[in-house]
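Observations on the three-dimensional arrangement
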Amino acid sequence: FMDLKTLYRQVIMDHYKNPKNKGLKMTSPYHLVHLTNPSCGDDIQVEIIVENGIVTDVRQDGKGCSICLSSASVMSELLIGKTVEEAKTIINDFYSMVKGEDLDEVKEEELQEAIAYKGVRDFPARIKCATLAWKCVEKAIDEVESNE
Ligand code: ZN
C-alpha cells in the first residue's frame, strides 16, 4: 500500500528511466527552445509542432537531474494533443503548484502525472529543475504565436 509521496516518487523514477518523446525530430514546422539551469547542470531542448492551434507534437532531449528529465517527459506526454490555450493554462497551473499554490480539484486532475512534482514546493532549489522543460515549451508556444 503506497502513500502519496511514494507514488509521486515512482512517477518521477518511471519517467526518468523510460522518458517519453525523447529525441528531437526537427521536421517542419517545428519550434525549438534550448534552456539551461546552471545551478544544477540541467540542459534541455524542447521541440514542438503546432498545427491549427493544436500542439500536435512535443519532443524533448537533454541532460540533467532526475527531477528535470522526468519532468520534461511528463510535460511532453501531457501537452501533446492539447490546444495552445489549454497548454498555456496547464503550464501556468504547473508553475503555481510547484511554487506552493493550492489548486482546485479540476486543475489538479488536468495536471495528471505532473501532480507528482507538488512536493518540489518544499525544495525551492529544485523548482528550476522541475520547471525548466516547461519554460522551454512556454517559450516555444510564444514563438509560434508571435509568428502568426
Ligand atoms: Zn536539476
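For the structure itself, consult the block above.
Note: strand 2 (residues 42–51) against strand 3 (residues 54–63), nine bridges, orientation antiparallel. Paired with Glu51 across the strands is Ile54, a residue of strand 3. In this structure, the hairpin formed by strand 2 and strand 3 is closed by a connection of two residues, where Asn52 is found at a positive phi of approximately 50 degrees.

Attention shifts here to the side chain of Gln60. In this fold, Gln60 is placed in strand 3. A residue is classified by how much of its surface remains accessible, and Gln60, at 1% relative accessible area, is buried. Reaching out from Gln60, the side chain makes a polar contact with the backbone oxygen of Lys20 at a distance of 2.7 Å. Those residues in contact with Gln60 that lie beyond four places of it in its chain are Pro19, Lys20, Asn21, Lys22, Gly23, Leu24, Gln45, Val46, Ala72, Ser73 and Ser76.

This paragraph deals with the pattern of salt bridges. Going through the model one piece at a time under the given rule, you end up with seven salt bridges. One salt bridge in this structure joins Asp93 and Lys107, with 3.1 Å as the shortest N-O distance. On the criterion of sequence distance, the pair formed by Asp93 in helix 3 (residues 84–98) and Lys107 in helix 4 (residues 105–111) is long-range, its members being 14 residues apart. Residue Asp93 is classed as buried on the basis of its relative accessible area of 7%. Of the charged contacts in the structure, one is a salt bridge between Arg121 and Asp102, with a shortest N-O distance of 3.2 Å. A residue pair is termed long-range when its members are at least 10 positions apart, and Arg121 in the loop between helix 4 and helix 5 (127–146) and Asp102 in the loop between helix 3 and helix 4 qualify at 19 residues. For Arg121, a relative accessible area of 23% corresponds to the partly exposed category. Connected through shared salt-bridge partners, Glu85, Lys88 and Glu145 make up one network.

Attention now moves to the coordination of the zinc ion. Within the protein, the zinc ion binds to Cys40 (SG), Asp42 (OD), Asp42 (OD), Cys65 (SG) and Cys129 (SG); these donor distances fall in the range 2.2 to 2.7 Å. Positions of the donor residues of the zinc ion, expressed as sequence spacing, correspond to C-x1-D-x22-C-x63-C. Here the residue Cys40 occupies a position in the loop between strand 1 (30–37) and strand 2, and Cys129 occupies one in helix 5, the gap between them amounting to 89 residues. A relative accessible area of 35% places Cys40 in the partly exposed class.

Conventions we followed
Residues numbered from 1 in each chain as written. Predicted model: local features only at pLDDT ≥ 70, side-chain atom pairs only at ≥ 80, totals over all residues. Heavy atoms only, no water. Pairing = 2+ DSSP bridges. Helix = DSSP H or I, 4+ residues; strand = E, 2+ residues; numbered from the N terminus. Buried < 20%, exposed > 50% of the residue type's maximum accessible area, 1.4 Å probe, protein only. Polar contact = N/O pair within 3.5 Å; in protein donor to acceptor, adjacent residues only side chain to side chain. Contact = heavy atoms within 4.5 Å. Salt bridge = Lys/Arg side-chain N within 4 Å of Asp/Glu carboxyl O. Donors = N, O, S within 2.8 Å, 3.2 Å for Na, K, Ca; no water.

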